[in-house]
Structure formats: C-alpha cells, structure tokens
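Commentary on secondary and tertiary structure
Given next are the chains, with one letter for each unit.
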Amino acid sequence: MTQETQALHSGYDKAAFGTMAVPLYQTTAYDFGSLETAANRFALRELGPIYTRLNNPTTEILESRMAALEGGSAALATASGQSAIFYAIANLAKAGDNILVAKKIYGGATTLLTHTFKQFGVTAKLFDSDKAEDLEGLIDASTKAIFFESLSNPHISISEFDTIVQVAQKHGIVTVCDNTVATPILCQPLSLGVDVVVHSASKYINGQGTAIGGIITERKGLNDLLIDNPRYPQFNEPDESYHGLVYAQLPFPLFTLRARLSLIRDIGAAISPFNSWLLIQGLETLFVRIKAHSESALKVAQYLHEHPSVTLVGYPGLHSDAHHAKLNRYFKFPHASGLIHVELESEELAKRLVNETKIFSVVVNIGDSKSLITHPASTTHQQVSATELEASGVNNRVVRLSIGLENTDDLINDIASVLG
Ligand SMILES: *Cc1c(COP(=O)(O)O)cnc(C)c1O
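A quick note: this is a predicted structure, and the numbers were derived from the prediction, not measured. (Residues numbered from 1 in each chain as written. Predicted model: local features only at pLDDT ≥ 70, side-chain atom pairs only at ≥ 80, totals over all residues. Heavy atoms only, no water.)

Pairing is mixed across the open sheet formed by five strands, whose spatial order is β10-β11-β14-β13-β12. What marks the edges here is a single partner per strand, and that holds for β10 (310-314) and β12 (361-362). With three bridges joining them, strand β13 (residues 372-374) and strand β14 (residues 398-402) adopt antiparallel strand pairing. Paired with threonine 374 across the two strands is arginine 400, which belongs to β14. Lying on the sheet, helix α11 (residues 273-306) is in contact with β10, β11 (339-344) and β14; it crosses β11 at an angle near 10°. (Pairing = 2+ DSSP bridges. Helix = DSSP H or I, 4+ residues; strand = E, 2+ residues; numbered from the N terminus. Contact = heavy atoms within 4.5 Å. Axes fitted to C-alpha atoms, helices over the stretch in contact; angles between N-to-C directions.)

Now the structure itself:
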C-alpha cells in the first residue's frame with residue numbers, strides 16, 4: 001500500500017468499529033472483566049489495554065499508522081516531541097554513558113541532550129551531521145546513541161545518512177533520527193538504515209497547530225542489533241523493576257516495548273487520547289499538505305534568493321543550495337518542506353521582517369497551515385550559548401519562515417512590502 005492510502009486507513013479496522021472516523025477513546029482505564037485477564041495483561045501473556053498511561057485504543061491507531069508510514073515495525077506515541085527524544089535516549093543510555101549529538105538541531109533538543117541529560121550522568125559529544133567525518137573518532141565503549149535530524153531546524157540542512165549509518169553499524173550503535181521537519185512523506189530514515197525515528201507530531205503531522213504530541217518508531221529487525229549486544233545490557237539482563245523480565249526473550253519489537261513498559265510507566269509523559277485523535281486527523285491530509293507547503297516554499301525561497309537585501313537562503317529545494325544533492329539522494333521527492341532559513345543584511349531588517357509582515361504570525365512553531373515567522377536567536381535558541389548558537393548555524397540576522405498553505409503570491413507580496 002502506498003503512503004497516500006496508508007495515511008487514511010492503516011491501523012484502523014472499520015469493520016470492527018463501524019464508524020468512518022476513528023473513535024476517540026477518552027478513557028483513563030479499562031474493564032478487564034476478570035482477574036485472569038488482568039493478570040495476563042500485566043504479565044504480558046496477552047497484549048491489551050491496561051491503563052491510558054501505557055496504552056489506549058485511539059493512540060494505538062495513531063501508533064500503527066505512523067509505523068506504517070515510516071516503514072517501521074512498531075511505534076510509541078508520547079506527550080510531546082521532547083518526551084519522545086527523552087525516552088528514545090533514556091532507553092539506550094544510563095549514567096556514565098555518552099551519546100553523539102548533531103550540532104545543528106532543534107534548540108530544545110540541544111538543551112535536553114547536552115544539559116538536562118548531563119544531570120543524569122549522560123554526556124553529549126557534538127558532531128557535524130552534514131558530513132559526519134568527525135563521527136567515528138568520537139565513539140568509545142560507552143557510546144550508546146547517535147542522534148541527528150533528517151532535515152535540520154532552524155538551519156535547513158540535510159544529514160549525511162550513509163556515513164552516519166555505516167559508522168553506527170560498524171560499532172553496533174543505535175541511531176536515532178528526528179524526522180519532524182521532513183515527515184515520512186519526504187524522507188523515510190528507516191529505509192536509509194536508521195534504527196529509530198522520533199517526531200514532534202505537534203508540527204506537520206498535526207498540521208493545524210492544535211495539539212502537542214511525539215512519536216517513536218523502530219525499524220523492522222532492530223531486535224537483532226539489541227539482542228546480545230554488550231552495549232545494551234538493559235535489553236538482555238533481567239529487569240528488576242519488572243519481576244526479572246528479560247526483554248530479549250519476548251517476541252515483540254523491543255525498543256518501543258521497553259520504552260512503554262519501563263519509561264512511560266515510570267516517567268509518565270503519555271499522550272492524551274484526544275491529542276492522538278487530532279493527530280490522526282492531521283495524518284489524513286499530510287501527503288497533500290507537505291507537497292503544497294514545499295511547492296510554495298520553493299517559490300518564496302527563489303524570490304528571496306534573488307533579493308539584494310538577503311545574504312543567504314537555506315532551502316535544499318533550491319538547485320544552488322549546498323544540500324540539494326543530498327535532497328535528491330535521500331528524499332523521496334525533490335521537496336524540502338515549508339521551512340526556509342533566511343539571513344538578512346542586518347539584524348534590524350531581520351527584526352522588521354518579523355514585526356512588519358502581516359500574513360506571517362510571530363510564532364515559535366512550524367508546520368502550521370498558517371504561515372509563521374520567528375527570530376531564533378531571540379526565541380527558540382535564546383537559551384543556547386553563543387558557541388552552540390554559532391554551531392547550530394543561527395545568528396541575529398537570521399529569521400526562519402514556516403510557509404503555510406496561503407496563496408504564494410500573497411506571501412511574497414507580504415515579504416516584499418517590508419524588504420522593498
Ligand atoms: C518542535 C520540535 C521538537 C520538540 O517537539 P515538541 O512537540 O514541541 O515537544 C523536536 N524536534 C524538532 C525538530 C522540532 O521541530
């Protein structure tokens with residue numbers, strides 16, 4: 001089945017439910033009917049709903065639809081993109097371990113992975129995912145994860161998948177790719193050899209800026225990398241917190257299973273069923289939206305590229321862009337999403353563009369059907385140090401546009417009213 005069809009049907013058995021729209025199970029708990037069923041579900045002898053922190057029928061439809069779209073074996077929805085990243089890394093690394101993190105990533109992911117994880121004894125070493133030539137030299141016996149973004153936000157660059165995957169496979173290390181901006185419609189990291197994909201579903205998947213959510217998807221066959229791998233004893237040794245359960249002995253996709261049974265169980269950033277339901281509505285139109293966002297953004301990027309007050313446009317859809325060859329190589333279509341990185345000739349002009357455009361809203365979000373504009377240095381990247389800022393490709397003259405679904409000429413005229 002192709003993705004257009006999967007986005008509308010996967011994971012939902014209409015015959016069983018009898019409704020066209022996916023039903024919303026707004027419930028906290030489930031009636032087991034008997035003590036035996038309850039005991040079997042807790043002991044994993046039978047899989048079924050236990051409590052909405054662990055699973056929910058509406059959320060399960062979102063999870064299996066996302067697993068289908070990414071070409072993975074299983075998925076786990078979480079309360080936010082940040083919690084998806086947290087669980088994916090906490091599933092791999094413990095105190096004393098280190099993780100390799102791409103320099104150019106979302107500001108919230110940078111602070112989480114380099115500062116908050118440090119408080120738990122997990123240290124981050126930064127690498128350049130554009131070329132990844134420095135990656136292998138950073139690996140040691142305690143390296144547990146390689147984290148990068150497919151299409152990185154806010155400096156719009158594309159990671160060097162082949163090198164990252166080859167190095168990771170050579171050393172038996174799990175790769176985690178944030179696919180929020182590209183979405184599985186434009187890029188399927190699992191088909192490029194990545195092990196785990198994370199998403200902020202709050203962005204393009206939702207599409208209308210109405211709900212926060214996150215998703216972790218694992219590739220088919222990931223169990224083979226985890227089982228008997230000395231880097232990951234947590235999957236191979238008895239889990240004291242689960243009466244000595246050994247994950248490696250279970251016949252399920254283990255990465256998301258452990259994140260669910262151990263991490264969501266204890267830390268609890270579970271998604272609301274209502275948000276899962278909203279995200280399912282978003283998925284139904286993701287395919288047409290992401291193409292429309294990309295086609296419009298390309299025209300806006302072309303206009304900006306030719307404007308004398310613009311010193312740099314980061315948009316891999318442009319033939320002149322440094323990442324255009326990687327777009328053709330790693331993406332399914334020559335589309336690059338609605339995000340454009342624009343560097344103006346002065347900080348003053350950058351701030352005027354943010355304040356004086358009329359259709360663009362000053363919002364620190366992306367992927368909305370309405371066009372958005374931000375000044376990352378004052379907002380999303382404000383808590384990031386000057387060196388990290390430089391490394392992530394942001395400076396005071398940069399604005400980031402998220403091109404919505406309005407008429408493209410209206411958007412260009414709005415920008416032209418400020419830039420002249
Ligand atoms: C927004 C975003 C996140 C964080 O997701 P939330 O849903 O806001 O928690 C992570 N990665 C990327 C690339 C993002 O754009």
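Following the structure, the description resumes.
Per the stated rule, a full pass over the model turns up one cavity of 30 Å³ or more. By volume, the largest cavity amounts to about 70 Å³. Forming the boundary of the largest cavity are 13 residues, of which Thr52, Arg53, Leu54, Thr59 and Ala77 lie nearest the centre. (1 Å grid on protein atoms, 1.4 Å probe; cavity = no way out; pocket = protein on both sides within 12 Å on 5 of 7 lines; lining within 4 Å. Points joined across faces, edges and corners; volume = space filled by probe spheres on them.)

With respect to spatial proximity, 15 residues lie near the ligand, and among them Gly81, Asp178, Ser200, Ser202 and Lys203 are the closest. Interatomic distance of 2.7 Å between a side-chain N/O atom of aspartate 178 and a nitrogen atom of the ligand. A distance of 2.6 Å separates an oxygen atom of the ligand from a polar atom in the side chain of serine 202. Burial of the ligand by the surrounding chains reaches 94%, relative to a free accessible area of 380 Å². Counting residues per element, the shell around the ligand draws most heavily on helix α5 (residues 81-90), at three residues. When its residues are assigned to classes, the shell around the ligand shows four nonpolar, eight polar and three charged. (Near = heavy atom within 4 Å. Polar contact = N/O pair within 3.5 Å; in protein donor to acceptor, adjacent residues only side chain to side chain. Areas by Shrake-Rupley, 256 points an atom, 1.4 Å probe, with all protein chains shown as cover. Nonpolar A, V, L, I, M, F, W, Y, C, P; charged D, E, K, R; others polar.)

Pairing between sheet strands relies on hydrogen bonds along the backbone, with the strands arranged either parallel or antiparallel. If you walk across this open sheet you meet the seven strands as β1-β9-β8-β7-β4-β2-β3, and the pairing is mixed. Across the chains shown, the open sheet's two edge strands, defined by having one partner strand only, are β1 (72-78) and β3 (123-127). If you compare each strand with its neighbour and ignore which way they point, the axes differ by 20° on average. On top of the sheet, helix α4 (residues 57-70) reaches β1, β8 (196-200) and β9 (214-219); it is set at about 135° to β1, its chief contact.

To continue, consider the pattern of salt bridges. A side chain with one charge may pair with a side chain of the opposite charge, provided their charged atoms come close. Inspection of the entire model under this criterion finds 14 salt bridges. Close ionic contact of glutamate 347 with lysine 351 constitutes a salt bridge, the shortest N to O distance being 2.8 Å. Remark: lysine 351 and glutamate 347 occur in helix α13 (residues 347-356); sequence separation between them is four residues, near one turn of the helix. With relative accessibility at 30%, the residue glutamate 347 sits in the partly exposed group. (Salt bridge = Lys/Arg side-chain N within 4 Å of Asp/Glu carboxyl O. Buried < 20%, exposed > 50% of the residue type's maximum accessible area, 1.4 Å probe, protein only.)

Residues Phe161, Ile164, Val165, Val167 and Ala168 constitute the buried set of helix α7 (residues 161-171). Buried residues along α7 cover an arc of 165° about the axis, so they all sit on one side. Projecting away from the buried face of α7 at angles above 90 degrees are the exposed residues Gln166, Gln169 and Lys170. Buried-residue contacts for α7 involve β3, β4 (143-149), β7 (174-178) and α12 (324-330). Trailing α7 by a residue or two, glycine 172 shows a phi angle of about 65°, which is positive. (Arc of directions from axis to C-beta.)

In this section: the packing of aromatic side chains. In this structure the tally under the stated criterion is 11 aromatic pairs. A ring pair is formed by phenylalanine 148 and phenylalanine 161, whose centres lie 5.5 Å apart and whose planes are at 75°; its orientation type is edge-to-face. You can see phenylalanine 148 sitting in strand β4 and its partner phenylalanine 161 sitting in helix α7, a full 13 residues away along the chain. Owing to a relative accessible area of 0%, phenylalanine 161 belongs among the buried residues under this scheme. Positioned above the aromatic ring of tyrosine 106 is the side chain of lysine 203, whose terminal nitrogen or guanidinium carbon lies 4.9 Å from the ring centre. If you follow arginine 258 out to its NZ or CZ, it ends over the ring of phenylalanine 235, 5.5 Å from the centre. (Phe/Tyr/Trp six-rings, centres within 6.5 Å; stacked < 30°, edge-to-face > 60°. Lys NZ or Arg CZ within 6 Å of the ring centre and 35° of its normal.)

So, about the domain arrangement of the protein chain. The domains assigned to the protein chain are domain 1 (3-274) and domain 2 (287-419). Relative placement of domain 1 and domain 2: their C-alpha centres are 28 Å apart. The interface is formed by 40 residues belonging to domain 1 together with 40 residues belonging to domain 2. Linking domain 1 with domain 2 are one salt bridge, by the criterion used here. Residue arginine 329 pairs with aspartate 162 through a salt bridge whose shortest N-O separation is 2.4 Å. Here domain 1 and domain 2 share 13 residue pairs in polar contact (both at pLDDT 80 or more) between them. Contributions of two or more residues to the side of domain 1 that touches domain 2 are made by α1 (3-9), α6 (107-119), β6 (157-158), α7 and α8 (183-186). For the side of domain 1 that touches domain 2, the element with the most residues is α6, which contributes five residues. Looking at the side of domain 1 that touches domain 2, its residues break down into 16 nonpolar, 17 polar and seven charged. (Domains from an automatic or database assignment.)

This paragraph deals with the environment of glycine 48. Structurally, glycine 48 is set in the loop between α3 (35-42) and α4. Between the alpha carbons of glycine 48 and histidine 115 there is a distance of 37 Å; along the sequence they are 67 residues apart. Every residue in contact with glycine 48, bar those within four places of it in the chain, is listed here: Arg41 and Asn55.

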